[in-house]
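Per-entry structural report
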Amino acid sequence: MPFNKAAMQKFILLVQLIFYSFPLIIWGQEVDKPIKRIGITCTGVGQNEVFTDPDLVGAPGYRGKGFWGAGMVFSQGINRWLEWETGMEFSRHRIEVVPNLPPNMDARTRIENSALITFPLSLKAGFLKYFFVSGGILLDLDAAPDSPIDIQTGFGAGVGAGAQYHFRSGLSLFVNPYVRGHSLLPLMGSKNHDSLWEEGIRIGLTVAL
């Protein structure tokens with residue numbers, strides 16, 4: 001999952017286009033009225049990668065080795081087809097560090113861990129009764145004092161899509177493939193800042209309040 005500056009710019013543009021296109025592409029879901037929901041989510045397995053500035057010379061390389069995540073979600077309906085969603089998630093990432101050393105030195109790779117606490121704020125728009133698209137911003141707090149990459153505290157962005165089903169009992173299930181870029185606007189760190197990216201499938205169970 002290679003990323004470069006052009007890819008990151010396209011990703012940010014995609015988030016903007018989704019918000020601007022909502023009024024044009026969405027068909028309302030069949031719900032009686034906007035309601036509140038609260039629940040839990042889990043990303044059992046996903047892919048991750050570390051975006052580094054290609055102009056940074058002498059730094060080690062990184063390879064994403066997967067991640068998992070879990071959290072809580074809260075949503076509030078705005079109208080028949082649109083709702084906003086927030087919550088708190090914890091994710092743990094495995095990262096392979098590739099030292100940039102001369103051939104006569106020990107350049108063996110090693111696996112290290114990084115962790116994030118993420119507060120997402122997104123818009124979620126339903127269409128064709130069972131499907132939705134979503135996109136929004138992330139506030140990340142780095143939760144790994146010994147992480148091999150730069151501190152990820154800062155703002156990021158994410159987009160996704162998926163399917164959901166609302167039971168008459170008030171329970172709802174959803175499946176949500178997504179992509180996220182963390183620390184796109186870091187709150188601390190150097191000019192050549194590492195950014196953690198992830199692709200995963202969130203599974204969630206919510207209940208109407």
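Anything mentioned here points back to the structure above.
Summarised in this report is the structure supplied together with it. Every chain is numbered on its own, with residues counted from 1 as its sequence reads. A pLDDT threshold of at least 70 governs which residues receive local features in this predicted model, and a stricter bar of 80 or more applies before side-chain atom pairs are shown or counted, although totals over entire chains, interfaces and linings include all residues. Excluding hydrogens and water, the side-chain values take into account all heavy atoms of the structure.

**Observations concerning the pattern of salt bridges**
Keep this limit in mind: Every case where a carboxyl oxygen of Asp or Glu lies within 4 Å of a side-chain nitrogen of Lys or Arg is listed as a salt bridge. Strands here mean DSSP runs of E at least two residues long; helices mean DSSP runs of H or I at least four residues long; both are numbered from the N terminus. For every residue, the accessible area (1.4 Å probe, protein chains only) is compared with the maximum for its type, and the residue is labelled buried under 20%, exposed over 50%, or partly exposed between those bounds.
Under the criterion given, the structure shown has seven salt bridges. The partner of E89 in a salt bridge is R180, and the shortest N-O contact between them spans 2.8 Å. Of this pair, E89 sits in strand 3 (residues 82-98) while R180 sits in strand 7 (residues 171-186); the two residues are 91 residues apart in sequence, bridging distant segments of the chain. When its relative accessible area of 8% is taken as the criterion, R180 is described as buried. Salt bridges here are not isolated pairs; linked through shared partners, they connect E85, E89, K124, R180 and R202.

**Brief notes about the packing of aromatic side chains**
Keep this limit in mind: Each Phe, Tyr or Trp ring (for Trp, its six-membered ring) is paired with any other whose centre lies within 6.5 Å, and the angle between the two planes then decides the class: stacked below 30 degrees, edge-to-face above 60, tilted in between. We count a charge as sitting over a ring when the NZ of a lysine or the CZ of an arginine lies within 6 Å of the ring centre and within 35 degrees of the ring normal.
A complete count under the given rule lists five aromatic pairs for this structure. With a centroid separation of 4.9 Å and 75° between ring planes, the pair formed by Y165 and F167 is classed as edge-to-face. A residue is classified by how much of its surface remains accessible, and F167, at 40% relative accessible area, is partly exposed. Within the aromatic cluster, the residues linked to one another by ring pairs are Y130, Y165 and F167. Sitting over the ring of F174, K124 keeps its end group 4.8 Å from the ring centre. Directly above the ring of Y178 sits R180, whose terminal nitrogen or CZ lies 4.8 Å from the centroid.

**Side note on the nonpolar core**
Definition in use: For this analysis, a nonpolar core means a set of buried residues of the types Ala, Val, Leu, Ile, Met, Phe, Trp, Tyr and Cys, connected via side-chain atoms within 4.5 Å. Contacts are residue-level and defined by heavy atoms, with any inter-residue pair within 4.5 Å sufficient.
Counting residues in each nonpolar core, the largest one holds seven residues, listed as V50, Y62, I95, V97, L116, I149 and L196. When sequence neighbours within four positions are dropped, the list of residues in contact with I149 reads V50, Y62, I95, S114, D194 and L196.

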